[in-house]
Amino acid sequence: MRKLLFSLAACALLAGCATNPVTGKREFRIFSDKEEVALGAKTRDSVIKQYGRRADPVLEAYVAGVGRKLAAVCDRRELDYSFYVLDTDMVNAFAAPGGYIFVTRGILKAMSDESELAGVLGHEIGHVTARHSMKALEKQYGYQALINIASIAAGKDLSGLQQYSDFLAGALLAGYGRDNEFQADSLGARYAMAAGYDPRGTADFFRKLEKMEGGKKANDLEKLFMSHPPTKERIKRVEAQSASAAGGERNPAGYAEAVKGL
Ligand code: ZN
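Per-chain numbering applies: the sequence of each chain, read as written, is numbered from 1 onward. The model is predicted, so local features are restricted to residues of pLDDT at least 70 and side-chain atom pairs to those at 80 or more, both for listing and for counting; the totals for chains, interfaces and linings are taken over all residues. Here the side-chain values reflect all heavy atoms present in the structure, with hydrogen atoms and water set aside.

Draft legend 1. Layout of the overall build of the protein. When helices and strands are counted, the protein shows 13 helices and five strands. Burial analysis of the protein (262 residues in total) assigns 52% to the buried set. A total accessible area of about 11,900 Å² is found for the protein, and carbon and sulfur atoms account for 54% of it. Think of it this way: any DSSP run of H or I at least four residues long counts as a helix, any run of E at least two long counts as a strand, and we number them from the N terminus. Note on classification: 1.4 Å probe, protein chains only; a residue is buried when its accessible area is under 20% of the maximum for its type, exposed when over 50%, partly exposed between these limits. The accessible surface values rely on the Shrake-Rupley method and a 1.4 Å probe; as for residues, cover is taken only from the protein chains in view.

Here's what the structure looks like:
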């Protein structure tokens, strides 16, 4: 209760209440978009330092082309989304606050067409639109820290952001917990459909992950699934959501051409 009262007071003082772009519910909003983007840019630098960015501008432009179609129909269109290919065999994708989206060489190699890529990018954009990394930060450092982080991000000297961006770069790998992952799945499938992609690509890709989970690549995938819900359940929900879809773009030929250098 004390925490609630404090939060309500902070909310009034900081004019930090806003409508969540995804749920439409009123919630505390400590970060302005500009502050969130500053934290995200720092986190992007940490992620790229850790994994390395693949030197393939043509491939990255292709991924960005698919990503921008989803960004154009998502719930936070005012952000400027950017897309990066990380040069690692690890099968993963993640998003930093403010719209920085990453896919690994490993996950691109595991996909067969553009609708699968759209499902994964949509999921990551969903984490951004629903502001899940803010929740991860609050869980780790507490509510007061969010206010501190926001004030650093608003200032000129961003060096104080380093510890938080390093934390986020690590935490992104682990996912955001069961409920947030289901929410990102559902947002991702919705964005993919709105952008004209076949939402069944998402379920198809999850099935591939499921197969890998049982195979020799299990170690790589452990991190990806640490806090993710069971893949079977994710498939079931995404299939239910896309059951009425009348098809959509898959573009296996274009996808194969784009990733042939991997
Ligand atoms: Zn996720």
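Draft legend 2. Inspection of helix 5 (residues 114-129) at higher detail. To estimate how far a helix should extend, the number of its residues minus one is multiplied by 1.5 Å. The terminal C-alpha atoms of helix 5, which comprises 16 residues, lie 22 Å apart, in line with the 22 Å expected from a rise of 1.5 Å per residue. With respect to burial, helix 5 is a largely interior element, 16 of its 16 residues being buried.

Draft legend 3. A look at the environment of alanine 195. Examined against the element boundaries, alanine 195 turns out to sit in the loop between helix 9 (178-194) and helix 10 (200-213). When checking whether two residues touch, look at their non-hydrogen atoms; a contact exists if any pair is within 4.5 Å. Excluding residues that lie within four positions of it along the chain, alanine 195 makes contacts with Lys69, Leu70 and Val73.

Draft legend 4. The arrangement of the packing of aromatic side chains in detail. Any two of the Phe, Tyr and Trp rings considered here, Trp counted by its six-membered ring, make a pair once their centres fall within 6.5 Å; the pair's planes then place it as stacked at under 30 degrees, edge-to-face at over 60, or tilted in between. Enumeration according to the criterion identifies six aromatic pairs in this entry. Through successive ring pairs, a cluster of aromatic residues spans Tyr51, Tyr84, Phe94 and Phe102. When the ring centre of phenylalanine 182 is taken as reference, the NZ or CZ atom of arginine 237 above it lies at 3.6 Å. Distance and angle both matter: a charge sits over a ring if NZ of Lys or CZ of Arg is within 6 Å of the ring centre and within 35 degrees of the ring normal.

Draft legend 5. Region of interest: the environment of serine 46. Within the secondary structure, serine 46 sits in helix 2 (residues 33-51). Once the C-alpha coordinates of serine 46 and serine 165 are considered, the two residues, 119 residues apart in sequence, prove to be 6.8 Å apart. Look past the residues within four positions of serine 46 in its chain and what remains in contact with it is Gln162, Ser165, Asp166 and Ala169.

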